[in-house]
Amino acid sequence: MDPLRQSPSPSSSRASSPRTLSCERLGYVGIEAVLDQLKIKAMKMGFEFNIMVVGQSGLGKSTMVNTLFKSKMWRSTMPGLRVPMPQTLQLHSMTHVIEENGVKLKLTVTDTPGFGDQINNDKCWDPILGYINEQYERYLQEEILITRQRHIPDTRVHCCIYFVPPTGHCLRPLDLEFLQRLCRAVNVVPVIARADSLTIEEREAFRHRIQDDLKTHSIEVYPQKCFDEDVSDKILNSKIRERIPFAVVGADREHMVNGRCVLGRKTKWGIIEVENMAHCEFPLLRDLLIRSHLQDLKDITHNVHYENYRIFRLKESHALPRGPGWVNLAPASHGLPASPGPAKVCRWAEDTSDKDF
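The rules behind the values
- Residues numbered from 1 in each chain as written.
- Predicted model: local features only at pLDDT ≥ 70, side-chain atom pairs only at ≥ 80, totals over all residues.
- Heavy atoms only, no water.
- Helix = DSSP H or I, 4+ residues; strand = E, 2+ residues; numbered from the N terminus.
- Buried < 20%, exposed > 50% of the residue type's maximum accessible area, 1.4 Å probe, protein only.
- Contact = heavy atoms within 4.5 Å.
- Areas by Shrake-Rupley, 256 points an atom, 1.4 Å probe, with all protein chains shown as cover.
- Pairing = 2+ DSSP bridges.
- Patch = residues over 30% accessible without salt bridge, like charges linked within 9 Å, V, L, I, M, F, W, Y side chains within 5 Å.
- Salt bridge = Lys/Arg side-chain N within 4 Å of Asp/Glu carboxyl O.
- pLDDT = per-residue confidence, 0-100.
- Axes fitted to C-alpha atoms, helices over the stretch in contact; angles between N-to-C directions.

(A) Examining the overall build of the chain more closely. Within the chain one finds eight helices and nine strands. Counting over 357 residues, the chain shows a buried share of 42%. Considering only residue pairs separated by 6 or more positions, the chain has 71% of its internal contacts joining residues 24 or more positions apart. Entry remark: accessible area of the chain is about 20500 Å², with carbon and sulfur atoms responsible for 52%.

So this is what it looks like as structure tokens:
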């Protein structure tokens, strides 16, 4: 396993343990049964997953979330009224428990104000970054208690889906400035919203311009290269990185196409099927977030982003632990930077002397 992926151990500076030798087994022991035990325990406890959607109003953020989880996380119209849902005025989180084949997922989605909608967008990212850091602070305050809960509620944002308007040109300076800050605090997956408004050629050209902008400004979106653990991970993630940002279309209404019911958007030219790779790349986004990388998103959030925040706060407190196993951590200051920790998320801080609670 790549050492960058592992959480630094407080005992890393101590003498290494004796070399472990393998022994010849004389018969079946049943060690493999531990996998069944873990599965049973995980199904009892369920899973938590928290995502945030960021982008301008009118890009289909709420519809995309409904499409991803095939649930009515947000309704497109008010009950009893056939009018569009009003624009979000403040950060708003909604939690649903989704169950599928006995597996329960506690899903929390945080919708954000229309990013960049105002005439003056100076520091418009502050509420969003402040919310992300606030969730890290909540978890940290629970973690440093002498008597901790058996299970600390996890409200930390595991993934942020960043909606890029389909202009066909390149990323705006506002996008670049915000993404540079955002990628240091959370896993970011950019998508081209309402991709059906672009031709296939325009979509590919737009994707390449965005990739060039991200590379030029050293913006590391998920999945980061430095977290590829082995050859199979590298091959899979390389294919994903080639397609990012995904060109997506959201729809929460079903239509009949050739005798089958599909999710899609109906136009006078036909039906745009959101799960058809010939029409858009929504299946790639769904597979990344749910089917292949959900646990990895949570692991990087805990082992990298939260760890960077934790180190920063402990150093800021000027009260490192000295004995009984706890630290008196001062409340977070209002001037807390939006991106604590190292400049690049892929690097661990070398000084881990403040990590023993």
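Okay, back to it.
(B) Region of interest: the sheet that holds strand β4 (residues 159-164). Taken together, the six strands give an open sheet; going across it, the order is β2-β3-β1-β4-β5-β6, and neighbouring strands pair in mixed fashion. Two strands bound the open sheet, and with one partner strand each, they are β2 (92-100) and β6 (246-247). Judged from the nine bridges that link them, β2 and strand β3 (residues 103-111) form a sheet pairing that is antiparallel. For S93, the partnering residue across the bridge sits in β3 and is T110.

(C) Molecular detail of a nonpolar patch on the surface. A cluster of nonpolar side chains, V34, L35 and L38, forms an exposed patch at the surface whose accessible area comes to about 290 Å². Relative to the assigned elements, L35 resides in helix α1 (residues 33-45).

(D) Local environment of unusual backbone geometry. The residue after Y222, namely P223, is reached through a cis peptide bond having omega 0°. As for its position among the elements, P223 is in the loop between α5 (200-216) and α6 (231-243). Residues I244 and P245 are joined by a peptide bond in cis, for which omega reads 0°. Positive phi values are uncommon outside glycine, yet S218 reaches one of about 55°. For N258, which is not a glycine, the phi torsion comes out positive at approximately 55°. Within the fold, N258 resides in the loop between β7 (254-257) and β8 (260-267).

(E) Summary view of the confidence of the model for the chain. Model confidence for the chain is summarised by a mean pLDDT of 81, while 77% of its residues fall at 70 or above. Low confidence marks residues 341-357, where pLDDT is under 50. Its contacts with residues over four positions away, or in another chain, come to 48 contacts.

(F) Geometry of the pairing of β8. When β7 meets β8, the two strands line up antiparallel, connected through four bridges. In the sheet register, H255 faces β8, and the bridge partner there is V262. What sits between β7 and β8 in their antiparallel hairpin is a turn of two residues, with N258 showing a positive phi close to 55°. For β8 and strand β9 (residues 270-273), the ladder comprises four bridges, and the chain directions are antiparallel. Of the residues in β9, the one forming a bridge with T267 is G270. Hairpin connection, β8 to β9: the antiparallel pair is bridged by two residues.

(G) Summary view of the environment of R138. Inspection of the secondary structure puts R138 in helix α3 (residues 126-143). Residues R138 and R156, 18 residues apart in the sequence, show an inter-C-alpha distance of 8.6 Å.

(H) The arrangement of the sheet that holds β7 in detail. Pairing within the open sheet is antiparallel, and its three strands lie in the order β7-β8-β9. At either end of the open sheet lies a strand with only one pairing partner, and these are β7 and β9. Sheet twist, expressed as the average angle between the axes of neighbouring strands with direction ignored, equals 70°.

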